[in-house]
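Residue-level listing of the chains:
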Amino acid sequence: MFLLLVFVAAAHRGVADDGYRLWLKYDRLADAGQCAQYQRAARFVATTGTDPVLRTAAAELQRGLQGLLGQPVPVQASMGALGGGIVLKLDRTAIDASTPNAAEGYRIYSEKNNLVVASPSAAGVLYGAYAVLRRVQTGGALAGWAVRSAPRIGHRMINHWDNPNGTVERGYAGSSIWKWDELPQRLDPRYTDYARANASIGLNGVVINNVNASARYLTPDYLPKVAALAGVMRPYGIRVYLSVFWAAPKVLGGLPTADPLDPAVQRWWAAKTDEIYRAIPDFGGFLVKANSEGEPGPQDYQRTHADGANMLAKALGAHDGVVMWRAFVYKADGSGDRFKEAYQDFQPLDGKFDPKVLVQVKNGPIDFQAREPFHPLFGAMPRTPLVLEVQLTQEYLGFATHAVYLGPLIKECLEADTYAQGPGSTVAKVVDGSLDRHAQTGIAGVANIGSVRNWTGHPLGQANWYAFGRLAWDHTLDPGALATEWARMSLTTNAAAVRSITALLDQSRSIYVRYTTPLGLHHIMGESIHYGPQPWLAKAGRPDWTAVYYHRGDSLGLGFDRTATGSNALALYRPAVQQQWGSAATCPLDYLLWFHHVGWQQPLRTGRTLWNELCYRYYTGADSVAWLQKQWAAARPALDAEVYADVAARLQIQQQEAYWWRDACVLYFQTLARQPVPGPFAPPTRTLADIKRQVQVYQLK
Ligand code: BDP
């Protein structure tokens, strides 16, 4: 009997879950009563349009509902006399035209016993169709359901850092999903599933290649390949963009220069852009990393970033595309404070960019650290649309072995108050254009996607892709609620299990911060690889690639003084922000060492000295990984065995490496603080020399 039950349970779940289907699993609903209700409300899908995106919406609804409800759901042209179906409809008035991004919005309501999904555009209908599926997957009622939704941000982008040779810069989920040697003839079915996943969470743009760009994509050999990918994305409402190599006119065009003010260079880009649009009529535009980390750019010719960006904007001419110009720059000498450099380069250019240009800014001033204060450019360039760039790939966040849910990190940045126009001038309002009335708006997530079967390596990494898309659509959503949504759609519908997985995800980022970089420490990770601890790193290619540059630890204390007595980077923020962070006594402890050099014996608000607080956080942080493991174990009975085992094993690595981080940092900082590890914590059993040996292994060629 018991065996039979086990068999039935397994059969119900189908074959072992390899994670490939992401949150679009569409397995038959377990709750029979609930299922029966949906079965009555979703007996068919009606659509009359022939638009390919509308077709996608109908097909996706059919596929999803058939799977979830276990009944045939025909797609038909009429509403049927009795109703009980889902009607897809183009309707110019569905969303008030004054709403930002109204065209992509949708309205869902009941009419004549049908559920209507209406939008001014086919893409909006598609987003509405996915909203219906999400509703069914997460157990919401369809009867009487009415909702209006439009994306708050216009360009909702995934940025791939994929190289032509199939590697992925900072990618931890296998090789690139793009198979350049097979394109354009063979279209891997994965491309379609990738497009489905993006569309289902409202993303509408994909930059397919690394910002450290190869000129290859612009060649007549590669453009047909890019066009083939664009052809797969198009029925999902997704436009393809390219990262461009600034010196392409030299490399491909044989010109002696890539000076943006040189007429021959301008002509080359204009012709190249026309050529791209002939192959890809809905091409989205260009993403540019220039004069950063060795990449060429307009400054090579004593021109500004604005000169460069505007030249490309002009090359776009009448084509409906944009230029996303990255602000991730820091000058070659590295002697100042890297925190300030992007601001110094870009802020004076406010108002000088062509209307087709958006400036893309990372969430923080340094580089995707586990916690950063918001980038000071937000709120400082009112006349320029700023794209928020966040990282989904966990470059500094434990790759694909540590569970770090980024919903809270993204939300923390969006909610940060720049005070640019008084209180409430959040980064979200800068980015969604409402603060400075920009029509062009954007947000970009650097992909954590690769060719491994489950897409993201760490099964829980899928939640980062999911939450990013949902927040890009609506930044007011709660990351905890999104974690719940994702877990329910991707892992299990068991309520208790979903609760413990949500708790795990929700806490994971703050736990990671605690055992790696508590109290505002940053950039103390392993050299180049950006994995594991190396707080003693004092020599690297540039001073601002070391760890000591950032933590400034000495016999007196720890932390980077960025107040007026130090680098004064704090002055880049509005007075109200300066006030919050300007005094060590009142600065939130999460940001303390970002802005202050604090004495080891200095008592903090917690009642502990800096040294004791540091130890407290490293020890409790590392111990908290056991709590994450407990949450995962609690969900076990409701989870697929393979997914369970995969995450459990990764959590084991995480546990081990959390102790590695703790011991490395406590032992190293102890050489400066010269204080004992406070009770009740036991000093590490290994020595700093042991740890350094271990870290060296990671640095071996
Ligand atoms: C850093 C990465 C580097 C990227 C760079 C960028 O270490 O690989 O090329 O950012 O964003 O985080 O351009």
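Residues numbered from 1 in each chain as written. Predicted model: local features only at pLDDT ≥ 70, side-chain atom pairs only at ≥ 80, totals over all residues. Heavy atoms only, no water.

Caption draft 1: Looking closely at the overall build of the chain. A tally of regular secondary structure across the chain gives 21 helices and 16 strands. For 701 residues, the compact-globule formula gives about 27 Å, and the C-alpha radius of gyration of the chain, at 26 Å, lands near that figure. Taken along its principal axes, the extent of the C-alpha atoms in the chain is 80 × 80 × 50 Å. Classification of the 701 residues of the chain by burial places 61% in the buried group. Sequence-distant contacts, at least 24 apart, represent 73% of the contacts inside the chain between residues at least 6 apart. Each charge class in the chain was averaged separately, 68 positive and 59 negative side chains, and the resulting centres sit 4 Å apart. (Helix = DSSP H or I, 4+ residues; strand = E, 2+ residues; numbered from the N terminus. Rg over C-alpha atoms; globule rule 2.2 N^0.38 Å. Buried < 20%, exposed > 50% of the residue type's maximum accessible area, 1.4 Å probe, protein only. Contact = heavy atoms within 4.5 Å. Lys, Arg positive; Asp, Glu negative; His and termini not counted. Charge placed at Lys NZ, Arg CZ, Asp CG, Glu CD.)

Caption draft 2: Expanded view of helix 8 (residues 263–279). Taking 1.5 Å of rise per residue, 17 residues should cover 24 Å, and helix 8 covers 25 Å from first to last C-alpha, within 8% of that figure. Among the residues of helix 8, V265, W268, W269, K272, T273, I276 and Y277 are the ones counted as buried. The arc that holds every buried residue of helix 8, seen down its axis, measures 165°, which confines them to one face. For helix 8, the exposed residues set more than 90 degrees away from the buried face come down to R267 and R278. On its buried face, helix 8 is in contact with helix 6 (223–233), helix 7 (248–251), strand 10 (285–288) and helix 9 (305–316). (Expected span 1.5 Å × (residues − 1). Arc of directions from axis to C-beta.)

Caption draft 3: Region of the structure containing a nonpolar patch on the surface. Together, V697, Y698 and L700 line one region of the surface with nonpolar side chains, adding up to about 310 Å² of accessible area. Assignment of secondary structure puts V697 in helix 21 (residues 688–699). (Patch = residues over 30% accessible without salt bridge, like charges linked within 9 Å, V, L, I, M, F, W, Y side chains within 5 Å. Areas by Shrake-Rupley, 256 points an atom, 1.4 Å probe, with all protein chains shown as cover. Salt bridge = Lys/Arg side-chain N within 4 Å of Asp/Glu carboxyl O.)

Caption draft 4: Highlighting the side chain of H305. Here H305 is to be found in helix 9. Residue contacts for H305: discarding those within four places in its chain leaves A290, N291, P298, Q299, W325, V329, D345, F346, L349 and F353.

Caption draft 5: Spotlight on the UniProt feature "domain: Alpha glucuronidase N-terminal" (unreviewed entry) in the chain. Mapped onto this structure's residue numbering, the UniProt feature "domain: Alpha glucuronidase N-terminal" (unreviewed entry) falls at residues 22–131. Within the segment residues 22–131, helix and strand shares are 35% and 19% respectively, and the terminal C-alpha atoms sit 16 Å apart. (UniProt positions renumbered as here; feature names shortened; annotations may be inferred.)

Caption draft 6: Structural view of the packing of aromatic side chains. Summed over all chains, the structure comprises 40 aromatic pairs. When the centroid spacing of 5.6 Å and the interplanar angle of 40° are considered together, the rings of W180 and Y222 count as tilted. With W180 in the loop between strand 7 (155–159) and helix 5 (189–200) and Y222 in the loop between strand 8 (205–207) and helix 6, this residue pair connects regions lying 42 residues apart in the sequence. With a relative accessible area of 12%, Y222 lands in the buried category. Seen in terms of ring centroids, Y217 and Y222 are 6.1 Å apart; in terms of plane orientation they differ by 85°. Their pairing is edge-to-face. Comparing Y217 with Y222 shows no difference in burial state: the two are buried. (Phe/Tyr/Trp six-rings, centres within 6.5 Å; stacked < 30°, edge-to-face > 60°.)

Caption draft 7: Region of interest: the site of the ligand. Among the 14 residues in the neighbourhood of the ligand, the closest are listed as E169, K289, R326, D367 and E395. Interatomic distance of 2.7 Å between a side-chain N/O atom of K289 and an oxygen atom of the ligand. One of the side-chain N or O atoms of D367 is found 2.6 Å from an oxygen atom in the ligand. When the free accessible area of the ligand is taken as 320 Å², the share hidden by the protein chains comes to 97%. Looking at the shell around the ligand, its residues break down into four nonpolar, two polar and eight charged. (Near = heavy atom within 4 Å. Polar contact = N/O pair within 3.5 Å; in protein donor to acceptor, adjacent residues only side chain to side chain. Nonpolar A, V, L, I, M, F, W, Y, C, P; charged D, E, K, R; others polar.)

Caption draft 8: Examining the pattern of salt bridges more closely. One pass over the structure, following the stated rule, counts 34 salt bridges. With a shortest N-O distance of 3.0 Å, K272 and E275 are connected by a salt bridge. Remark: E275 and K272 occur in helix 8; sequence separation between them is three residues, near one turn of the helix. D690 is the salt-bridge partner of R693, the closest N and O atoms lying 2.8 Å from each other. Here D690 and R693 lie together in helix 21, a separation of three residues that amounts to about one turn. Here D690 falls in the partly exposed class, since its relative accessible area comes to 31%. Residues joined in a network through salt bridges with shared partners are R371, E412, R509, D590, R608, E613 and R617.

Caption draft 9: The domain arrangement of the chain, seen in detail. Domains assigned within the chain are domain 1 (2–149), domain 2 (155–490) and domain 3 (514–560 + 597–700). Computed over C-alpha atoms only, the centres of domain 1 and domain 3 are separated by 46 Å. Summed over both partners, the interface of domain 1 with domain 3 comes to about 350 Å²; 42% of that surface belongs to carbon and sulfur atoms. Along the contact surface separating domain 1 from domain 3 lie zero salt bridges. For the pair domain 1 and domain 3, the interface holds one residue pair in polar contact (both at pLDDT 80 or more). Taken together, the residues of the side of domain 1 that touches domain 3 break down into two nonpolar, no polar and two charged. (Domains from an automatic or database assignment. Buried area = accessible area lost by both parts, 1.4 Å probe.)

Caption draft 10: Region of the structure containing the UniProt feature "domain: Glycosyl hydrolase family 67 C-terminal" (unreviewed entry) in the chain. Taken from the UniProt record, the annotation "domain: Glycosyl hydrolase family 67 C-terminal" (unreviewed entry) applies to residues 456–678. Taken end to end, residues 456–678 has its terminal C-alpha atoms 39 Å apart, with 54% of it in helix and 2% in strand.

Caption draft 11: How the structure looks around unusual backbone geometry. Cis geometry is adopted by the peptide bond preceding P184, which originates at L183 and carries an omega value of 0°. With respect to the element layout, P184 can be found in the loop between strand 7 and helix 5. The phi torsion at R437 lies on the positive side, around 55°, for a residue other than glycine. Mapped onto the fold, R437 is located in the loop between helix 12 (427–431) and strand 14 (442–446). Judged by its relative accessible area of 75%, R437 is exposed. Of note, R674 is a non-glycine position whose phi angle comes to about 55°, a positive value.

Caption draft 12: View of the nonpolar core. With 238 residues, the main nonpolar core has W465, W632 and F669 as its most contacted residues. The element contributing the most residues to this core is helix 20 (residues 641–673), with 15 residues. Other than its neighbours up to four places away in sequence, F669 contacts L521, P535, H551, L558, W600, W611, L614 and Y618. (Core = buried A, V, L, I, M, F, W, Y, C linked by side-chain atoms within 4.5 Å.)

Caption draft 13: Local environment of the environment of A503. Along the chain, A503 turns up in helix 15 (residues 495–516). Note on A503: relative accessible area 25%, which makes it partly exposed. Counting along the chain gives 20 residues from A503 to A483, while the straight-line C-alpha distance between them is 8.7 Å. Apart from the residues within four sequence positions on either side, A503 is in contact with W627 and Q631.

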